[in-house]
Amino acid sequence: MKMKSVIVTILALLLASASAFAPLPFGVTQSSNTVCFAKHVKKKATKWAAHKRPKKSRPSDIHRKPIVYELHSMEKPPEYTITDAPAEIPPKPRKVASVSSE
């Protein structure tokens, strides 16, 4: 008697778990209690990081002018000077023979 109730219980559990994977008949819809759509879209990483930055509240920060750099303060090295002379090809560096000390 006890063995029969165990087998019936196991059979009932198997039927219940198998019915979860069985397809529904055509035209029958199943209502779900889970929410499928988000209420608010989350910001992506860059937009979220920009949102967290401190806001410019002072007038000196809001109306700040760009820094103007003097072009005469930068001196170019001589290898960047353009001339009419033909180009000089620099010699290839020589390989230094390695001496093994024994």
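This one's a predicted model, so the numbers in the text were calculated from it and none came from an experiment. (Residues numbered from 1 in each chain as written. Predicted model: local features only at pLDDT ≥ 70, side-chain atom pairs only at ≥ 80, totals over all residues. Heavy atoms only, no water.)

K.L.:
Where do I start with the side chain of Asp 61 in this structure?
P.N.:
With respect to the secondary-structure elements, Asp 61 resides in helix H3 (residues 59-62). A relative accessible area of 15% means that Asp 61 is categorised as buried. Only 2.6 Å separates the side chain of Asp 61 from the side chain of Arg 64, close enough to count as a polar contact. (Helix = DSSP H or I, 4+ residues; strand = E, 2+ residues; numbered from the N terminus. Buried < 20%, exposed > 50% of the residue type's maximum accessible area, 1.4 Å probe, protein only. Polar contact = N/O pair within 3.5 Å; in protein donor to acceptor, adjacent residues only side chain to side chain.)

K.L.:
Can you walk me through the confidence of the model for the protein chain in this structure?
P.N.:
In low-pLDDT regions, the fine details of the predicted coordinates are not to be read closely. The predicted model of the protein chain averages 80 in pLDDT, with 83% of residues at 70 or higher. Summarising per-element confidence for the protein chain, the mean pLDDT is lowest in helix H1 (residues 2-21) (81) and highest in helix H2 (residues 45-52) (93). (pLDDT = per-residue confidence, 0-100.)

K.L.:
It is not clear to me how the pattern of salt bridges should be interpreted in this structure. Could you clarify?
P.N.:
Between side chains of opposite charge, pairing is possible as soon as their charged atoms come close. In total, this model carries 2 salt bridges according to the counting rule given. Arg 58 is the partner of Asp 61 in a salt bridge, and the nearest nitrogen-oxygen pair spans 3.2 Å. One salt bridge connects Asp 61 with Arg 64, and the closest N-O pair in it is separated by 2.6 Å. The network of salt bridges with shared partners includes Arg 58, Asp 61 and Arg 64. (Salt bridge = Lys/Arg side-chain N within 4 Å of Asp/Glu carboxyl O.)

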